[in-house]
Every structure is written in structure tokens, then in C-alpha cells.
Amino acid sequence: MTYALEILDLKKTYPGGTEALKGISLTVKEGDFYALLGPNGAGKSSTIGIIGSLVTKTSGMVKIFGIDADKDIAEAKTMLGVVSQEINFSQFEKVMDIVVTQAGFYGIPKSEAMPKVENILKRLSLWDKRNVQARTLSGGYKRRLMIAKALVHNPKLLILDEPTAGVDIELRREMWIFLKEINKNGTTIILTTHYLEEAEQLCRNIGIIDHGTMVADTSMKDLLGTLNVQGYVFDLIEPLEEAPLIEGFPLKLEDSLTLVAAVNKDRSINALFSEFSKLNIKIKSMRNESNRLEELFIEMVNSNEK
Amino acid sequence: MKSNYKVSVSLWTLTVKEIRRFLRIWVQTLVPPAVTMSLYFVIFGSLIGPRIGSMDGFDYIQYMIPGLIMLSVITNSYNNVVSSFYSVKFQKSIEELLISPMPNWAILLGFVLGGVARGVLIGFIVFGVSLIFYPDFTVANPLLTITVLLLTAILFSLMGFINAVFADSFDDISIIPTFILTPLIYLGGVFYSINILPDIWRSISMANPMLYVVNTFREGMLGASDVSISFSLGMICAFIAILTGACLYFLKKGTGIRQ
């Protein structure tokens, strides 16, 4: 089994004494789309910072595609692309120059980089803005530029630290499609995000980190399988004044035409429909409540705090 | 990044980026020294100079030229690196370099070459301006002049780098140039020979490192100096070696750039 990333007993204590990482270990398989989640201050950015050489570790081991970062950091870095949480390019340079320069830092001369840069900028809809100063770009385009920079040297492992923070829904969906595409083409992706729906949509495996320790490292399917309750949203044809009382099915009226039900995994939803028929509640449409991962996340983080 | 070719491409990229940076803002970087030095030549050279008479056997304006060139080279190579490196820290674009496989020595050399390029370019600009006011100027020892010019630019680029490594605010990058560097340069024989000073002040001046830099350059341009040239060159080279070692140590340790 080839691992894109292996982390073993990684610890980080900052000079002020803050223990950000208390010995985390995780592995990410080659070709995986892995979500690294955790509340603010959990240690996600410290972990990514150490992998990307932006933070000095206190102890532990990091291997990128089998290369120990302590032994051959330069070779390990050529495998890696990092999209940081904060904007980290010179705002006064042109988009094209920023990406070409980044390629140069990886030893790719301008003549060789240009076709790659053109391809990436076009794929990220940045080609038309290639000659504008980066500071004039909108927030969404700056995020795209960060991704373009991280991809210019064709990394085998791409780490994105909250790439869609502050990005509108349309652009976020576009980024999802783009990331799925490059993952399909072989790039291993590790993603941190606060949008749990994003992790659920994109990632096959998931790690949850809290207070510097791993509280989960499993597949998305297995994790979601541990959820006992599934939420359903029913759009009603006729309005209700209050939520009906049906035994075994807690119901909540979001508004007069939207009813939300929490259905236990061992109960059949047919039973709920039967009850609706008896009460003459007419359903126009139904959908899953999309916060399944959010519920689990909160549950895990809360139990870790206890 | 194992191949030397890739390292040389990355070094070239950073150096070009650094040169492009100060050329892009040429109104802030190249024009002010030319204007300031023109004023020095007009006021101290053409207006007051003739009343002062000669200095160490040279016309006063002629004596001033090497000093003013050094003043410009020192301040510009220092300021270029301190402002550029602090800016990449401030804007977090230092991460572009830290994430890349560039070795630390190439990162340091890229910034230093940027500082040297600006310092040397300004040196030639000021020399060009000086020829307007003193067209008969001839360089006594071109090889020594160029050597000292380059060594000085390297030395003060390294100093600027260290200042930027420890700087936490824009105030920190102006304190040393304003309160330490500039007074030492002005008192280091830019405008006068220490031979005209009383003994006590001459002795104190000998402890000013800028005196050696300015006078070694003056030896190259005029063939006259207040200090031993071989001693001065040796000290400049020794300081370059020490500061290079310090810069590489700070980069390896991540001082000021890695958490």
C-alpha cells in the first residue's frame, strides 16, 4: 500500500507553551480525497503547517509518498502543493507573474512553465485576468489563484486549508467539480473545511482532530453509518399550525409548509407516511437533511471535551 | 530539488523577482537618490565646496563623490533587502518560498543579489550625476572600486536581511537605518577626512566600521585613504562571512519566519 501521507506521533508545542498537537498519527492513501476536520484551534492548521514546512514540529515523523521529510525535505516538497488558509501572494504582482514565479521556485523555467500556467489558469477561469494585479481580484478569484499556484508543479499531494472560506455558493460548487476532477486524475487531496457538507460531498475518508488529538480517522461511509438518526425534510401541500404528535417520530415545524422529522435507523419511513395519511397531511416533496456529518462532528467534539 | 539546474532556475527566478520589484517602483527606488545627491553636489559641492577649499589634496566636490556613492550604495542595498524580505513576511508570501524545495542558501542569495543589483545600479546613477558637476573625474583604481562596491552592497544586503528576520513591524525596519546606519555613515568620512578632526575624535572615528568602507572605496576612486586598505578589505570579507553564516542559521532555525 502506498501512502501519500504518513504522520506518526506528531507533536507541536508553541513557544508560549500552547500544546497544539499532542501526538497525532494518521495515514492518507494515494489517490484518496481526505477530509481533516476540527473546530477552530483544534490543530488542523498546525498539522498542515508542519507538512508544508511553515511550522517547525516539536517531535514526530512526516512522510510524503514514503519520503521522510527529515531526511530529504526538498524531494518531499516537490510532491506537495499547499493552498494556505490566508492569502499568501504578493498583491502587487500580476496573476500570470505570480504563477510563473511559483513554478520557477520549483525549478521550472518560464518557457517550460508557460503552457502549464495557461492550462491551469484557463481551467480555473483566471486566464482573462492573467494581466491584472492580484490585489484587484475578488475574494473568489484570489482563492482560485492560490489553487493555481499550488498546482503549477503538478504535485501528487494537494493540501487545501479551507479553500472555499468566504466563497459564494456558485464558485464553491465550481471548485468542488474542479477538485473532484484533479482527484480523479490521480492527485491525492487533503481538505480542511468548516463546511461539513463540503467534506461529505467530496471526501472518501475523514479525520477529526480536536484539542490536538485525533478523535476519528475512518471512512466517510463508516462514520456516517454510526449515525443513528436520519433527518428528513417534508415540503407540505397544505400549511400546518403546529407539528403533529406521532409516536416514535419526533417532528418539528420549520415553517407552516416545512416539516422536519428525525427518523431512527431501525424505523421504517413507511410507518411515518402511514401516519401522515391518517392525519391527512399531504406531502409535496421530501429530501434528506444535509447536516448528518455536522451532527456527528458536534457529538464527537463534545464527547472529547467531556 | 536535487539537480543543480533546478536550483539555479529557482535562484534566477527569485533574483529576477527581486530586481523586477525595485524596478517596478523606480520612482520610489531609483529617482530619490539621484535627486538627493544632485542637491548635495549643488549645495556642498558647487556652492559651499569652493569656500572649503581642498580636502587631502582634492577639490572638495571631488573628495565628496566616493563618499556620496558609498552612502547611496549602503542605504539602498540595505533598504532593498530589509523592505523586500519584511514585505514577504508581512504579506505571508514568504510561504511561497518556504513551501518550495529551494535551499536556504538560494533564498538568501536571491535576496542579496536583489539588494546588490539595486545598490550597484544606484552607485552608477550617483556616479553619473556626479559627472554632471565634476566632468573631469577619473577613477584611480577601477578594479578596487568595483570590488569594494560589490562587497559593500553584499555586506549591507546581509545586514538588511538580518534586520528583516527580526522585524515585527514596519517601525522595526526603519529604526536601524535611521538611528544607527545613517549617523555612522555620515560620521564615517563621507564629507570629510578624519585627519581634520582633533585626536580624540579621530580615535573615536577609527571605531566606526563605516569609515573603513567609505575610505577603501575612496582609495579605489581617488587613490587616497585614511585607513589601511588590506585591513579594511579583510574586515569587510570577515563580516560578510560571519553575517552569511548568521543568516543561514536563522533561515534553518526558522527565526522570524516559521512558528
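Just above sits the structure.
Criteria and thresholds
- Residues numbered from 1 in each chain as written.
- Chains lettered and ligands numbered in written order.
- Predicted model: local features only at pLDDT ≥ 70, side-chain atom pairs only at ≥ 80, totals over all residues.
- Heavy atoms only, no water.
- Helix = DSSP H or I, 4+ residues; strand = E, 2+ residues; numbered from the N terminus.
- Contact = heavy atoms within 4.5 Å.
- Patch = residues over 30% accessible without salt bridge, like charges linked within 9 Å, V, L, I, M, F, W, Y side chains within 5 Å.
- Areas by Shrake-Rupley, 256 points an atom, 1.4 Å probe, with all protein chains shown as cover.
- Salt bridge = Lys/Arg side-chain N within 4 Å of Asp/Glu carboxyl O.
- Buried < 20%, exposed > 50% of the residue type's maximum accessible area, 1.4 Å probe, protein only.
- Pairing = 2+ DSSP bridges.
- Axes fitted to C-alpha atoms, helices over the stretch in contact; angles between N-to-C directions.
- Expected span 1.5 Å × (residues − 1).
- Phe/Tyr/Trp six-rings, centres within 6.5 Å; stacked < 30°, edge-to-face > 60°.
- Lys NZ or Arg CZ within 6 Å of the ring centre and 35° of its normal.

A. Just the environment of B:Phe156, in detail. Assignment of secondary structure puts B:Phe156 in helix 8 (residues 142–166). Residues contacting B:Phe156, with those up to four places away along its chain left out, are B:Ile74, B:Ser77, B:Tyr78, B:Leu181, B:Met210 and B:Val213.

B. Focus on a nonpolar patch on the surface. Residue and element names in this part refer to chain B. Taken together, the side chains of Trp26, Val27, Val31, Val35, Leu39, Val42, Ile43, Phe44, Leu47, Ile48 and Ile52 make up a nonpolar region of the molecular surface, amounting to roughly 910 Å² of accessible area. Within the residue set of the nonpolar patch, elements represented by two or more residues are helix 2 (26–29) and helix 3 (31–47). Top contributing element to the nonpolar patch by residue count: helix 3, with seven residues. Structurally, valine 31 can be placed in helix 3. Residue valine 31 is classed as partly exposed on the basis of its relative accessible area, which comes to 31%.

C. View of the sheet that holds strand 11 (residues 229–236) of chain A. Residues and elements named next belong to chain A. As summarised here, the arrangement of the four strands in space is 12-13-11-14, forming an open sheet in which the pairing is antiparallel. One side of each edge strand has no neighbouring strand; the edge strands of this open sheet are strand 12 (251–255) and strand 14 (283–288). The mean angle between the axes of side-by-side strands here comes to 25°, regardless of whether they run parallel or antiparallel. Bridge count between strand 11 and strand 13 (residues 258–264): seven bridges; the pairing is antiparallel. Each residue of the ladder has a partner; that of valine 233, found in strand 13, is valine 260. The strands that helix 9 (residues 269–278) touches are strand 11, strand 12, strand 13 and strand 14; relative to strand 11, the one it contacts most, it runs at about 30°.

D. View of the sheet that holds strand 9 (residues 205–210) of chain A. Residues and elements named next belong to chain A. With respect to topology, six strands assemble into an open sheet ordered 6-7-8-3-9-10, the strand pairing being mixed. Looking at the sheet topology across the chains shown, the edges are occupied by strand 6 (80–83) and strand 10 (213–219). Neighbour to neighbour, the strand axes of the sheet diverge by 15° on average, direction disregarded. Where strand 7 (residues 157–161) and strand 8 (residues 188–192) come together, five bridges link them in parallel fashion. Directly across from leucine 157, in strand 8, lies its bridge partner threonine 188. The strands touched by helix 1 (residues 44–51) within the sheet are strand 3 (33–37), strand 6, strand 7, strand 8 and strand 9, with strand 7 carrying the most contacts at an inclination of about 145°.

E. The arrangement of helix 12 (residues 229–253) of chain B in detail. Residues and elements named next belong to chain B. The end-to-end C-alpha distance of helix 12, which contains 25 residues, comes to 36 Å, matching closely the 36 Å that a straight helix rising 1.5 Å per residue would cover. For helix 12, the set of buried residues is Ile229, Ser232, Ile236, Ile240, Leu243, Cys247, Phe250 and Leu251. Contact partners of the buried residues in helix 12: helix 7 (104–133), helix 8 and helix 11 (209–222). Among the residues trailing helix 12, glycine 254 stands out with phi positive, at a value near 80°.

F. Looking closely at the pattern of salt bridges. Per the counting criterion, the structure on display carries 12 salt bridges over all chains. For the salt bridge of A:Asp32 with A:Arg204, the shortest nitrogen-to-oxygen distance reads 3.9 Å. Here A:Arg204 lies in the loop between helix 7 (196–202) and strand 9 and A:Asp32 lies in the loop between strand 2 (19–29) and strand 3, a separation of 172 residues in the sequence. With a relative accessible area of 43%, A:Arg204 lands in the partly exposed category. In this structure, A:Glu93 and B:Lys17 form a salt bridge, with 3.7 Å as the shortest nitrogen-oxygen distance. Taken together, the residues span two chains, with A:Glu93 in the loop between strand 6 and helix 3 (95–105) and B:Lys17 in helix 1 (residues 4–24). Three or more residues are tied together by salt bridges with common partners; here these are A:Glu93, B:Lys17 and B:Arg20.

G. Quick peek at unusual backbone geometry. Within the chain, A:Phe65 stands out as a residue other than glycine whose phi angle is a positive 50°. Relative to the helices and strands, A:Phe65 is located in the loop between strand 4 (59–64) and strand 5 (67–68).

H. Representation of the pairing of strand 13 of chain A. Residues and elements named next belong to chain A. For strand 13, the tally of buried residues reaches five of seven residues, placing the bulk of the element in the interior. Note: strand 12 against strand 13, four bridges, orientation antiparallel. Bridge pairing in strand 13 links leucine 251 to alanine 261. Linking strand 12 to strand 13, which pair antiparallel, is a turn of two residues.

I. Seen up close, the packing of aromatic side chains. With the rule as written, the count across this model stands at 19 aromatic pairs over all chains. Where B:Phe166 meets B:Phe250, the ring centres are 4.9 Å apart and the plane angle is 85°; that geometry is what we call edge-to-face. With B:Phe166 in helix 8 and B:Phe250 in helix 12, the pair connects residues that are 84 residues apart, well separated along the chain. Classification of B:Phe166 by relative accessible area gives partly exposed; the value is 46%. Cation over ring: A:Arg130 sits above A:Trp127, and NZ or CZ is 4.0 Å from the ring centre.

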